[in-house]
Amino acid sequence: MPNRPVLDFWYEFASPYSFLSALRIEPLAEAAGVNLRWRPFLLGPIFAAQGWSTSPFNLFPSRGRYMWRDLERQTARAGLPLVKPNPFPQNSLVAARVALAGREAGWLPAFSKALFSAAFCEGRNIAEEAVLSAALRQAGADPGVAFPASRSEEVKGRLRAEIEYAKSIGIFGAPTFVTEDGELFWGDDRLEEALDWSRHGR
């Protein structure tokens, strides 16, 4: 809707906390009177720039154990099943390209939620075409159109540009919420604060 503040929702399909945010953000944003801009991207290049070869939840075992236990608590509170993806993190390159191919078509949010559910509620491998196709169909999209579009140079370039832009504004993890005045909030536990800032500012 016009004349409402816009919140950028940056997320990575392999990110457990992005999963939590994706499944709860829409009703919260609607209640707050905030429009959402869904922005899938890849954390891999951002981690690589910090010298990390994989997720910090793998690099630092105590942090990883805490995260999975925390995720168990959060999904239980939300009444959601949790299945740890194997391998973790998933390869999300094709997923991000497919998602960006649907940005103008309108099915990006529904596809994202369906794919997050497949990954973290069912333990499906989001790098598999069958899993991506099922999420596309669930979102009302045609895989026969979405996959060729995702392989285009235009969409590949769009994803590279999103990653570079994320770097340029200081994003280092996911989910990250960025308000219209450039305020950055990192983590699912900052979602409500980000929405409130979008409405009222400081």
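Shown above is the structure to which this text applies.
Anyway, here's the lowdown on the structure attached to this text.

What counts and what doesn't
Residues numbered from 1 in each chain as written. Predicted model: local features only at pLDDT ≥ 70, side-chain atom pairs only at ≥ 80, totals over all residues. Heavy atoms only, no water. Helix = DSSP H or I, 4+ residues; strand = E, 2+ residues; numbered from the N terminus. Expected span 1.5 Å × (residues − 1). Bend = angle between axes of the 7 residues up to and from the residue. Buried < 20%, exposed > 50% of the residue type's maximum accessible area, 1.4 Å probe, protein only. Pairing = 2+ DSSP bridges. Axes fitted to C-alpha atoms, helices over the stretch in contact; angles between N-to-C directions. Contact = heavy atoms within 4.5 Å. Salt bridge = Lys/Arg side-chain N within 4 Å of Asp/Glu carboxyl O. 1 Å grid on protein atoms, 1.4 Å probe; cavity = no way out; pocket = protein on both sides within 12 Å on 5 of 7 lines; lining within 4 Å. Points joined across faces, edges and corners; volume = space filled by probe spheres on them. Nonpolar A, V, L, I, M, F, W, Y, C, P; charged D, E, K, R; others polar. Phe/Tyr/Trp six-rings, centres within 6.5 Å; stacked < 30°, edge-to-face > 60°. Core = buried A, V, L, I, M, F, W, Y, C linked by side-chain atoms within 4.5 Å.

With respect to helix α1 (residues 16–32)
Two residues of an α-helix separated by three or four positions point the same way, owing to the 3.6 residues in each turn.
Part 1 of the argument: Its 17 residues place the ends of α1 24 Å apart at the C-alpha level, agreeing with the 24 Å of an ideal helix rising 1.5 Å per residue.
Part 2 of the argument: When the local axis directions of α1 are compared, the greatest deviation, roughly 50 degrees, occurs at Ile25, which is followed within four positions by the proline Pro27.
Part 3 of the argument: Taken as a whole, α1 has its buried residues at Pro16, Tyr17, Ser18, Phe19, Leu20, Ser21, Ala22, Ile25, Ala29 and Ala32.

A look at the pairing of strand β1 (residues 6–11)
Part 1 of the argument: Extensive coverage of β1 is indicated by the burial of six of its six residues.
Part 2 of the argument: The two faces of β1 match: Val6, Asp8 and Trp10 on one face and Leu7, Phe9 and Tyr11 on the other face are all buried.
Part 3 of the argument: As defined by bridge partners, β1 adjoins strand β2 (residues 35–40) across six bridges and the pair is classed as parallel. When the sheet's bridge partners are listed, Tyr11 is paired in β2 with Pro40.

Notes on the sheet that holds strand β4 (residues 184–186)
Part 1 of the argument: On the basis of which strands lie adjacent, the open sheet formed by four strands has the order β2-β1-β3-β4 and mixed pairing. Each edge of the sheet is formed by a strand with only one pairing partner; in this case those strands are β2 and β4. Averaged over all neighbouring strand pairs, the angle between strand axes comes to 20 degrees, with direction disregarded.
Part 2 of the argument: Sheet strands touched by helix α6 (residues 108–120): β1 and β2. Its angle to β2, the strand with the most contacts, is close to 55 degrees.

Some thoughts on the pattern of salt bridges
Part 1 of the argument: Under the criterion given, the structure shown has 19 salt bridges.
Part 2 of the argument: With its nearest N and O atoms 3.8 Å apart, the salt bridge here joins Lys156 to Glu153. Taken as a pair, Lys156 and Glu153 lie in helix α9 (residues 153–168) at a separation of three residues, close to a single helical turn.

Overview of the layout of surface pockets
Part 1 of the argument: The computed volume of the largest pocket comes to approximately 720 Å³.
Part 2 of the argument: Forming the boundary of the largest pocket are 37 residues, of which Leu43, Phe47, Pro56, Phe57 and Ala174 lie nearest the centre.
Part 3 of the argument: Elements with a minimum of two residues in the lining of the largest pocket: α1, α2 (44–49), α3 (56–59) and α4 (61–78).
Part 4 of the argument: Among the elements that line the lining of the largest pocket, the one with the most residues is α4, at five residues.
Part 5 of the argument: Taken together, the residues of the lining of the largest pocket sort by class into 20 nonpolar, twelve polar and five charged.
Part 6 of the argument: Counted as a void, the second largest pocket has a volume near 200 Å³.

A short note on the packing of aromatic side chains
Part 1 of the argument: For the structure on display, the rule yields 15 aromatic pairs.
Part 2 of the argument: Taking the centre distance of 5.0 Å and the plane angle of 20 degrees together, the rings of Phe19 and Phe120 count as stacked. Of this pair, Phe19 sits in helix α1 while Phe120 sits in helix α6, and the two are 101 residues apart along the sequence.
Part 3 of the argument: Residue classification places Phe120 among the buried positions, given a relative accessible area of 1%.
Part 4 of the argument: Three or more aromatic residues joined by ring pairs form one cluster here, namely Phe9, Tyr11, Phe13, Trp38, Trp107, Phe111, Phe116 and Phe177.

Some words on the nonpolar core
Part 1 of the argument: Phe13, Trp107, Phe111, Leu115, Leu136 and Phe177 are the most contacted members of the largest nonpolar core, which has 46 residues in total.
Part 2 of the argument: Elements with a contribution of two residues or more to this core: β1, α1, α4, α5 (93–101), α6, α7 (129–138), α8 (143–150) and α10 (191–200).
Part 3 of the argument: Ranked by residue count, the leading element in this core is α6, at eight residues.
Part 4 of the argument: Once residues lying within four places of it in the same chain are set aside, the contact partners of Phe13 are Pro40, Ser92, Ala95, Ala96, Ala99, Phe111, Ser112, Leu115, Phe116, Phe120 and Ile126.
Part 5 of the argument: Judged by nonpolar contacts, the second largest core, of 16 residues, contains Phe47, Ala96, Ala101 and Ala174.

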